[in-house]
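For reference, the chains in residue letters:
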Amino acid sequence: MNDLTAAALARADAEESTLYFVVPLIGPADNVIPCAYFNARWERIPSPKPLDTVNTNAIMFAQQSVGLSPDVLVQLGNSKPDTSVTLFVAVAKTLEKPSGLPNTFVATGLDQATTVTVPVGPGTRRGVVLVFRRPASGNAQTLIATSDPEIRNGSSSDD
């Protein structure tokens, strides 16, 4: 476990959230950035599988695109991490029923070690759009969104 992983795990525990690592990938266009998602054990989550909470009511997305282990790089296959972007904000929409949960979240942390925490109430599902900024440090010149991963509270899991 490297320092970024340890720090993200500690922060997720402190905030009582389920940790998922997000690795932005180099994609074909600048309008949507593809991402790979990993659980806290660095096991890749197949897309488009929803990301579930585990004994919490929130999911923390932690960016890590530098210092990836060889095992993680193997899981990426031919995809390459995009180190030119940093997690900037997230926007969430509760699906199927209103929840009263907030919708906009600002990422915190140092460049390329940023996190954002999104609440997901019991029995709810949310669509999330992560927005990255380019360049990774300095003034943002471009904002690039992801395709929206679905998150859900573990209590609503039907898998």
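Heads up: the structure comes first, above all this text.
For the structure given in this document, a descriptive report is provided here.

Thresholds applied
- Residues numbered from 1 in each chain as written.
- Predicted model: local features only at pLDDT ≥ 70, side-chain atom pairs only at ≥ 80, totals over all residues.
- Heavy atoms only, no water.
- Salt bridge = Lys/Arg side-chain N within 4 Å of Asp/Glu carboxyl O.
- Helix = DSSP H or I, 4+ residues; strand = E, 2+ residues; numbered from the N terminus.
- Buried < 20%, exposed > 50% of the residue type's maximum accessible area, 1.4 Å probe, protein only.
- Pairing = 2+ DSSP bridges.
- Axes fitted to C-alpha atoms, helices over the stretch in contact; angles between N-to-C directions.

### Comments concerning the pattern of salt bridges
A side chain with one charge may pair with a side chain of the opposite charge, provided their charged atoms come close. Tallying each qualifying case throughout the model produces 4 salt bridges. Where Asp52 meets Arg152, a salt bridge forms, and the shortest distance between an N and an O atom there is 2.6 Å. Placement of the pair is Asp52 in strand E3 (residues 51-52) and Arg152 in strand E10 (residues 150-152), with a sequence separation of 100 residues. Here Arg125 makes a salt bridge to Glu150, at a shortest N to O gap of 2.8 Å. Here Arg125, found in strand E8 (residues 125-134), pairs with Glu150, found in strand E10; they are 25 residues apart in sequence, far enough to count as distant. On the basis of relative accessible area, Arg125 is assigned to the partly exposed category, the value being 22%. Accessibility expressed as a relative area gives 23% for Glu150, which makes it partly exposed.

### With respect to the sheet that holds strand E7 (residues 115-119)
Taken in spatial order, the 4 strands make up an open sheet running E2-E1-E4-E7, and their pairing is mixed. Of all the strands in the sheet, the pair left with one neighbour each is strand E2 (35-38) and E7. Averaged over all neighbouring strand pairs, the angle between strand axes comes to 25°, with direction disregarded. As paired elements, strand E1 (residues 18-24) and strand E4 (residues 58-63) share 5 bridges and run parallel to each other. Within E4, the position partnered with Leu19 by the bridge is Met60.

Function-wise, these values are silent; they only describe arrangement.
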